Amino acid sequence: MGSLRTILAGYFTGKKSIIGQFMYHYMALVVVVIVSIFCSMVFLGHYFVYKEKEDVLMGRCKEVAKGVDFYLGTNDHDNLYRYIRLADKLTDADIWIFDTDTDLVAVSSLSHIRSDVAKNMKAVDELPLEFGASSTLLFDVNKEDIGEKVINVIKNVSLGETYSGVVYQKYYGEDVLIAASPYYDRMTGKMGAVILAVPTSNYQSFLNYLYLVVIGVGLFSLVLSIYFTKRLSEQVVAPVVEMKNFASRLAEGNYGDEMEIKGDDEINELGKSLNALSNDMATYTANMERQEKIRKDFVANVSHELKTPITIIRGYNDALIDGVIRDEDKKVKYRQMINDETVRIEHMVKDLLNMSRLENADPWQSEHLQPIDLNILCNSVAERLSINCSKQNNIIKVDADEGIEMLGDGDQLFQLILILTDNALKYSPQNGTVLICAHKTDDDGVVLSVSDEGPGIPEEDIEFIWDRFYMVDKSRNRKKVSGTGLGLAIAKQIIRIHGAEAHVTSELGEGTKFEIKFPKDKIV
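Residues numbered from 1 in each chain as written. Predicted model: local features only at pLDDT ≥ 70, side-chain atom pairs only at ≥ 80, totals over all residues. Heavy atoms only, no water.

Undergrad: What's the story with the sheet that holds strand 1 (residues 94-98) in this structure? I'm lost.
TA: Pairing between the strands of a sheet is mediated by backbone hydrogen bonds and can be parallel or antiparallel. With respect to topology, 5 strands assemble into an open sheet ordered 2-1-5-4-3, the strand pairing being antiparallel. Where the open sheet ends on each side, the last strands, each with one partner, are strand 2 (104-107) and strand 3 (163-169). Neighbour-to-neighbour, the strand axes of the sheet open up by a mean angle of 30°, direction not taken into account. Taken together, the 7 bridges between strand 3 and strand 4 (residues 174-185) define a ladder with antiparallel strand orientation. Residue pairing in the sheet places Ser164 in a bridge with Ala179 of strand 4. Against the sheet, helix 3 (residues 77-91) makes contact with strand 1, strand 2 and strand 5 (190-199), and its axis sits at roughly 140° relative to strand 1, the strand it touches most. Across the face of the sheet, helix 7 (residues 148-157) comes into contact with strand 1, strand 3, strand 4 and strand 5 while running at roughly 155° to strand 3. (Pairing = 2+ DSSP bridges. Helix = DSSP H or I, 4+ residues; strand = E, 2+ residues; numbered from the N terminus. Axes fitted to C-alpha atoms, helices over the stretch in contact; angles between N-to-C directions. Contact = heavy atoms within 4.5 Å.)

Undergrad: Where do I start with the sheet that holds strand 11 (residues 501-507) in this structure?
TA: Taken in spatial order, the 5 strands of this open sheet run 7-9-10-12-11, and their pairing is mixed. The open sheet terminates on both sides in strands that have one partner only, identified here as strand 7 (395-400) and strand 11. Within the sheet, the average angular offset between the axes of one strand and its neighbour, ignoring direction, is 10°. Note: strand 7 against strand 9 (residues 433-440), 6 bridges, orientation parallel. When the sheet's bridge partners are listed, Asp399 is paired in strand 9 with Cys437. Sheet contacts for helix 11 (residues 374-385): strand 7, strand 9 and strand 10 (446-451); angle to strand 7, the most-contacted strand, approximately 175°.

Undergrad: How should the packing of helix 11 against helix 12 (residues 410-427) be read in this particular structure?
TA: Two measures define how a pair of helices packs: the angle their axes make with one another and the distance between the axes. Running from N to C, helix 11 and helix 12 point in directions that differ by 50°, and their axes come no closer than 9 Å. Judged by the angle between their axes, helix 11 and helix 12 are oblique. Helix 12 is crossed by helix 11, and the crossing has right-handed handedness. In this structure, helix 11 uses Leu377, Cys378, Ser380, Val381, Arg384 and Leu385 to contact helix 12, whose residues at the interface are Gly410, Leu413, Phe414, Ile417, Leu418, Thr421, Asp422 and Leu425. Its residues placed into classes, the contact of helix 11 with helix 12 shows 9 nonpolar, 3 polar and 2 charged. (Parallel < 35°, antiparallel > 145°, perpendicular 65-115°, else oblique. Left-handed = near helix turned anticlockwise from the far one by under 90°. Nonpolar A, V, L, I, M, F, W, Y, C, P; charged D, E, K, R; others polar.)

Undergrad: Before we go on, may I ask you to explain the confidence of the model for the protein chain in this structure?
TA: Do not read the fine detail of predicted coordinates wherever pLDDT is low. Model confidence for the protein chain is summarised by a mean pLDDT of 77, while 81% of its residues fall at 70 or above. Across residues 6-15, confidence stays below pLDDT 50; counting only partners more than four residues off in sequence or on other chains, it has 11 contacts. When the criterion is pLDDT under 50, residues 475-480 qualifies, and its contacts beyond four places in sequence or with other chains add up to 6 contacts. (pLDDT = per-residue confidence, 0-100.)

Undergrad: Got a minute to help me understand the nonpolar core in this structure?
TA: Within the largest apolar cluster, 44 residues are counted, with the highest numbers of intra-cluster contacts made by Ile396, Leu416, Leu448, Trp466 and Phe518. Counting residues per element, this core draws most heavily on helix 12, at 9 residues. With residues up to four places along the chain from it excluded, the contact list for Trp466 reads Leu488, Ala489, Ala491, Lys492, Ile495, Ala502, Val504 and Phe514. Within the second largest apolar cluster, 28 residues are counted, among which are Leu57, Tyr71, Ala87 and Ala93. (Core = buried A, V, L, I, M, F, W, Y, C linked by side-chain atoms within 4.5 Å. Buried < 20%, exposed > 50% of the residue type's maximum accessible area, 1.4 Å probe, protein only.)

Undergrad: Any chance you could explain the side chain of His498 here in plain terms?
TA: Topologically, His498 is positioned in the loop between helix 13 (487-497) and strand 11. Of the residues examined, His498 reaches a relative accessible area of 0% and is grouped as buried. A polar contact of 3.0 Å, which involves the side chain of His498, links it to the backbone oxygen of Ile494. (Polar contact = N/O pair within 3.5 Å; in protein donor to acceptor, adjacent residues only side chain to side chain.)

Undergrad: Is there a simple way to think about the pairing of strand 1 in this case?
TA: Two faces, one strand: in a regular strand the side chains alternate between the faces of the sheet. With respect to burial, strand 1 is a largely interior element, 5 of its 5 residues being buried. In strand 1, alternate side chains face the same way, and those of Asp94, Trp96 and Phe98 on one face and Ile95 and Ile97 on the other are all buried. Two elements, strand 1 and strand 5, share 5 bridges in a ladder whose sense is antiparallel. Residue pairing for strand 5: Asp94 is matched across the bridge by Ala197. Relative to strand 2, strand 1 is paired through 3 bridges, and the arrangement is antiparallel. Bridge pairing links Trp96 to Val107 in strand 2.

Undergrad: How do you make sense of helix 13 when you look at a structure like this?
TA: Since one α-helical turn is 3.6 residues long, residues separated by three or four positions face the same way. The buried fraction of helix 13 amounts to 8 of the 11 residues, a majority that puts the element mostly inside the structure. Along helix 13, the residues that are buried comprise Leu488, Ala489, Ile490, Ala491, Gln493, Ile494, Ile495 and Ile497. Just downstream of helix 13, Gly499 is the residue with a positive phi angle, here 70°.

Given below as C-alpha cells:
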C-alpha cells in the first residue's frame, strides 16, 4: 500500500511515473467497463423484470375478464365476488372492475391501498354476499384520486383495447404495474374494464437486491483490478525502469555492464539490444584506447627510428666537414655509413607510405584480381632471399602444390611472402631452416604458411606482433635484427585486403609458424 500511496501522491502532484500512468489509464478503463456493465444491468434488469411481469399480469387479466364476462352474463353476482376474491389470491394482484362510465363496480382487496384511503372504502371480502351492497363502493371512490391516466385507460379498454404499463396511483401512493382487459356485461349491453394492479414495490425489492449485487461485484472487481494492475504495471514497467538506470550508467561511461534479461518479449529484446550496445561500446572504447596508444607509440617509434639514423648522418657529416677525419679510408667508411642510414630512412618512409595506402584500401573484389600461381610465387621469393642465407648457412625450402592458382594482386602477395620469409630468416639460428608451404584444404581453400626454427614468440606478445614498430625482444638493438619495424603491419593489411585470415603458433626455443588461409572464392 505504501508504494500505491507514493504513486497516487506522485500522480496528483504532477510527477507522473510510468507505473502511475499505466495504472490510472487501466483503472479508468476498468471503471468505465464496470459502470457500463452496471448501467446495462440496471436497464436490462428493470426492462426484463417489468416486461415479464407485464406479460404475465396481462395474461392473468384476460383470464379474469373472461370470468367476469361469465358471471355477469349469468347475473351470478355472489359467485362473481367469490371469483375475484379467489383470483386476487391466485394472481397476487388487486382486481378492480370498472364499468363503461369509469364507475367502480368492485375491488377485490384493500390490502395494498394506503390506510388513510382504505378506511373510507369497503372491499368485496368485507361486504355481504348481495350484489346491491356494491353501491357503497361507488359512493366512496373519488375519480380524481384514480387519476386522469387511469380514467383514459378505462375508457380505451371499454372500447375493446388492452393496456399494460406502470402508472402512478394515488390510492397506492406509489407507481403501480397494471394490466387492463375489457369485459362485456350482457345485462346492460356495455363493456367495462378489469384492471389487475400490483405495486412496483413488490418488484423493486428484487431489483434493489440485484443492484446491490452488481455494485458489490463491481467494487470487488475494481479492487481486484487495482491489485492486478499494480502487479502487472510493476512487471511491465520494472524492466523499463531498470533499462533507464542502465542507460544512465552507459551515459556515465560504464561500458561493459550487462542487465539481467528474463523472458523473451519485446521489452527483453530491447534489454538484449542495450546489452549488445554496452558490449559494443566497451569494445569500441577499448579499441579507441588501443588505437590512441598505438598512435602515441607510433609517433614515439617513428621519432626514435628516425632520430638514430639522422644523428649518425649528422655526426659523420659534421666530422667530414670539420676536417677532423683525415684518413681517406675512414672518410670512405663514414660516407658509406651515411649512405646506409640514408637508404634506411628512405625504406622507412617508403614503408610508411605503403602502410598508409594499404590501410585506406578496401578489400579486393574478385573481378579486379588476376590469377596468381602460388607455387611460382613461393619459389620466386625463396630464390630472391637465397642470397641472405649464406651468412648463417640457412636454408629456405618450398613445399607448394603444383597448379594452385588464386585471385589476387601479384605484387602484394609477393611482398606478403617476402615479409614473412625475410622475418623468419632474421630470427633463424645458424644452420636453421625456413619452410614455405602452400596447400589446398578440405573446404577448397588454400593455406600458405611460413615457419622457422627461431627463438619463438611469447604467447602474450603474439596478438601485438602485427602492430607497427612492435618489438618482441624489447632489449634488442638494430645490430641484431635490421628492418623498419613495419613489415608485419604491412603484411596484416595485405592479408585483410585479400579476405584471408592469419594464425600464428609459436613455441619458445622451437620456432614460429605463420599460417594464412585464403577462402575458396579466391581460388581459381
